[in-house]
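# Descriptive structure summary
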Amino acid sequence: MEMTKRKLLNGARFLSFTVDNEDYCMDILRVKELMGITKITPLPRTPEFIRGIINLRGQIIPVIDLRLKFGLEFREYTKRTSIIVVEVNYNEENMLMGLVVDSIQEVINIPDDKLSKIPYINARIKSEYIKGIADTPDGMKIVLDVLKVLSDEELAAVKQTAAIKEEQKT
């Protein structure tokens, strides 16, 4: 009993979600907010996977569709489609970014010994976005590295565009 408790405490908590019927999870400490799909204002001259921006309590947040970022086909948003607002660091500055996923599942505990650091190999998603694989009671989940979903150039473009929209708002 004591050993099991200790293993859970040594592990981490992850938010699990689905994209194209595959199970993913991310470190819950990166997640700042969960929300249903909302109106996204498109941005001109940005890559297709950058769906646009949303206004979250006065803060302009860029929104990335993970399906498109992973090279999958666009799917119309449904009631289950959600936006996970995460915090990323760019140029030593924290920035919020929304990630569109097909559905959010639950928060799960994954002990360290159930996390494999071997990169997940899948032709549909680049391995640099992957931290590893988690073996959970519900099956294997791909652990997404939120900090690597966008390259530095993409983060710079998103930050610059969001800043311009922020200035136009005032």
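The residue numbering used here restarts from 1 in each chain and proceeds along that chain's sequence as written. Given that this is a predicted model, residues contribute local features only at a pLDDT of at least 70 and side-chain atom pairs are listed and counted only at 80 or more, while totals for whole chains, interfaces and linings are drawn from all residues. For the side-chain quantities, the full set of heavy atoms in the structure was used; hydrogens and water were omitted.

### Some details on the environment of Val146
Each helix is a run of DSSP H or I of at least 4 residues and each strand a run of E of at least 2, with the numbering of both proceeding from the N terminus. Here Val146 is to be found in the loop between strand E11 (139-144) and helix H3 (152-169). Exposure is judged per residue with a 1.4 Å probe applied to protein chains only, and the accessible area is read against the type maximum: over 50% gives exposed, under 20% gives buried, and values in between give partly exposed. With relative accessibility at 4%, the residue Val146 sits in the buried group. In the structure, Val146 is positioned 119 residues away from Asp27 in sequence and 8.3 Å away in space, judged by C-alpha atoms.

### Side note on the nonpolar core
As used in this record, nonpolar core signifies buried Ala, Val, Leu, Ile, Met, Phe, Trp, Tyr and Cys residues forming a set joined through side-chain atoms within 4.5 Å. Judged by nonpolar contacts, the single largest core of 33 residues is most densely connected at Phe17, Met26, Leu66 and Val86. In what follows, residue pairs with any heavy atoms lying within 4.5 Å of each other are defined as contacts. The residues touching Leu66, leaving out its near neighbours within four places in the chain, are Phe17, Val19, Leu99, Val100, Val101, Leu144 and Val149. Core analysis: the next-biggest nonpolar cluster, separate from the first, contains ten residues, Ile40, Val63, Ile83 and Val100 among them.

### A word on the side chain of Thr136
Turning to its location among the elements, Thr136 is positioned in strand E10 (residues 130-136). Whenever two N or O atoms come within 3.5 Å, that pair is a polar contact, provided that in protein one can donate a hydrogen and the other can accept it, and provided that, for residues adjacent in sequence, both atoms are side-chain atoms. In this structure the side chain of Thr136 is engaged in a polar contact, spanning 2.5 Å, whose partner is the backbone oxygen of Gly139. Those residues in contact with Thr136 that lie beyond four places of it in its chain are Ile108, Ile110 and Lys141.

### Points about the pattern of salt bridges
The working definition used for a salt bridge is a side-chain nitrogen of Lys or Arg within 4 Å of a carboxyl oxygen of Asp or Glu. For the coordinates displayed, the defined rule picks out eight salt bridges. In this structure, Asp20 and Arg75 form a salt bridge, with 3.6 Å as the shortest nitrogen-oxygen distance. A residue pair is termed long-range when its members are at least 10 positions apart, and Asp20 in the loop between strand E1 (12-19) and strand E2 (22-27) and Arg75 in the loop between helix H2 (66-69) and strand E6 (82-90) qualify at 55 residues. Note on Asp20: relative accessible area 17%, which makes it buried. Assessed through its relative accessible area of 38%, Arg75 is described here as partly exposed. Residues participating in the shared-partner salt-bridge network are Asp20, Arg67, Arg75 and Asp102.

### Some points on the packing of aromatic side chains
Pairing of aromatic rings covers Phe, Tyr and Trp, the last counted by its six-membered ring, and requires centre-to-centre distances within 6.5 Å; plane angles under 30 degrees mean stacked, over 60 mean edge-to-face, and any other angle means tilted. Scanning the entire structure with this criterion turns up three aromatic pairs. When the centroid spacing of 5.8 Å and the interplanar angle of 15 degrees are considered together, the rings of Phe17 and Tyr24 count as stacked. On the basis of relative accessibility, which here comes to 2%, the residue Tyr24 falls in the buried class. Judged by centre distance (5.4 Å) and plane angle (65 degrees), the rings of Phe74 and Tyr77 are edge-to-face. By relative accessible area, which is 29% here, Phe74 ends up partly exposed.

### Quick look at the side chain of Thr18
Within the secondary structure, Thr18 is located in strand E1. When its relative accessible area of 12% is taken as the criterion, Thr18 is described as buried. Those residues in contact with Thr18 that lie beyond four places of it in its chain are Asp23, Val101, Asp102, Ser103 and Gln105.

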